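# Report on the structure
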Amino acid sequence: MTRVIVVNGPNLGRLGVREPDVYGHQDLDTLRADCRAWGQELGLDVEVRQTDDEATMIGWMHQAVDEGTPVVMNPAAFTHYSYGLADAAHMLGDAGLPLIEVHISNPAARESFRRHSVISPVATATITGMGFYGYKLALEAVAHCLAQ
């Protein structure tokens, strides 16, 4: 099975508690279980990670490049300003690895500062506004890219 990491940025460890009207009532453990199950259906070995630390997330991108691991990324607040994360994520494309950006909500339908992503220009694709189901679509996109 192909290994895929699903990385989640700041405050996503608070899923189910933080703004449930925006992010829903399901928690990170539910997302982990869902992603593993969806991955298994696609022949992918999925590991779900979450950090509030930008340097940790950048390190995960470096590790993914070094190990040849595709990435599904919800950069959360890092989406809008982390050029360091964007530079690290760019290396995935340089290595020929899929990087699917995913957002639980639709940032384009929210506050104006959320409408700009420094990650989207380096991502293979972006999926927004589909709740947890967006992660399933992102994993399907990874499987599709790998089959090409």
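Read on for a plain summary of the structure. (Residues numbered from 1 in each chain as written. Predicted model: local features only at pLDDT ≥ 70, side-chain atom pairs only at ≥ 80, totals over all residues. Heavy atoms only, no water.)

### A few points about the overall build of the protein
Looking only at helices and strands, one finds five helices and five strands in the protein. Tracing the protein from N to C terminus, the helices and strands come up as β-α-α-β-α-β-α-β-β-α. Its C-alpha atoms give the protein a radius of gyration of 14 Å, near enough to 15 Å, the size a compact globule of 148 residues would have. Structurally, the protein occupies a C-alpha span of about 35 × 30 × 25 Å along its principal axes. Within the protein, the fraction of its 148 residues that count as buried is 46%. In the protein, the share of contacts with a sequence separation of at least 24, taken over all contacts with a separation of at least 6, comes to 77%. A total of about 6800 Å² of accessible surface is found on the protein, and carbon and sulfur atoms cover 49% of it. On the protein, the mean spot of the 10 positive side-chain charges and the mean spot of the 18 negative ones are 5 Å from each other. (Helix = DSSP H or I, 4+ residues; strand = E, 2+ residues; numbered from the N terminus. Rg over C-alpha atoms; globule rule 2.2 N^0.38 Å. Buried < 20%, exposed > 50% of the residue type's maximum accessible area, 1.4 Å probe, protein only. Contact = heavy atoms within 4.5 Å. Areas by Shrake-Rupley, 256 points an atom, 1.4 Å probe, with all protein chains shown as cover. Lys, Arg positive; Asp, Glu negative; His and termini not counted. Charge placed at Lys NZ, Arg CZ, Asp CG, Glu CD.)

### Brief notes about helix α3 (residues 54–67)
Relative to the 20 Å expected for 14 residues at 1.5 Å per residue, α3 spans 20 Å between its end C-alpha atoms, a close match to the ideal helical length. Here α3 has its buried residues at M57, I58, W60, M61 and A64. Buried residues of α3, viewed axially, fall in a sector of 155°; they line one side. Along α3, the residues that are exposed and aim more than 90 degrees away from the buried face are A55 and D66. (Expected span 1.5 Å × (residues − 1). Arc of directions from axis to C-beta.)

### A look at the pairing of strand β3 (residues 71–74)
Along β3, one buried face is formed by V71 and M73 and the opposite face, lined by V72 and N74, is buried too. The sheet contact formed by strand β1 (residues 2–8) and β3 spans four bridges and is parallel. Note on β3: the bridge partner recorded for I5 is V71. Note that β3 and strand β4 (residues 99–103) share three bridges and pair parallel. Counterpart to V72 in the pairing with β4 is I100. A crossover links β3 with its parallel partner β4, the connecting element being helix α4 (residues 83–94), and its sense is right-handed. (Pairing = 2+ DSSP bridges. Right-handed = clockwise from strand over helix to strand, strands pointing away.)

### Topic: helix α2 (residues 28–41)
One full turn of an α-helix is made of 3.6 residues, so residues set three or four places apart face in the same direction. The end-to-end C-alpha separation of α2 is 20 Å, in line with the 20 Å expected for 14 residues at 1.5 Å each. Of all the positions in α2, only L28, L31, C35, W38 and G39 are classed as buried. Down the axis, α2 shows its buried residues gathered within 100° of arc, on one side only. Of the exposed residues in α2, those oriented more than 90 degrees away from the buried face are D29, Q40 and E41. At its buried positions, α2 is contacted by β1, β2 (44–50) and α5 (133–147). Taking the backbone nitrogen of D29 as reference, a side-chain oxygen 3.3 Å away marks D27 as the first, capping residue of α2. Just downstream of α2 lies G43, where phi reads positive at about 75°. (Polar contact = N/O pair within 3.5 Å; in protein donor to acceptor, adjacent residues only side chain to side chain.)

### Things to note about the side chain of H103
Tracing the chain through its elements places H103 in strand β4. A polar contact is formed between the side chain of H103 and the side chain of E101, at a distance of 2.8 Å. Dropping the residues within four chain positions of it, H103 is found in contact with N74, P75, A76, T79, T126, I127, T128, G129 and M130.

Function cannot be read off these values alone, since they describe shape.
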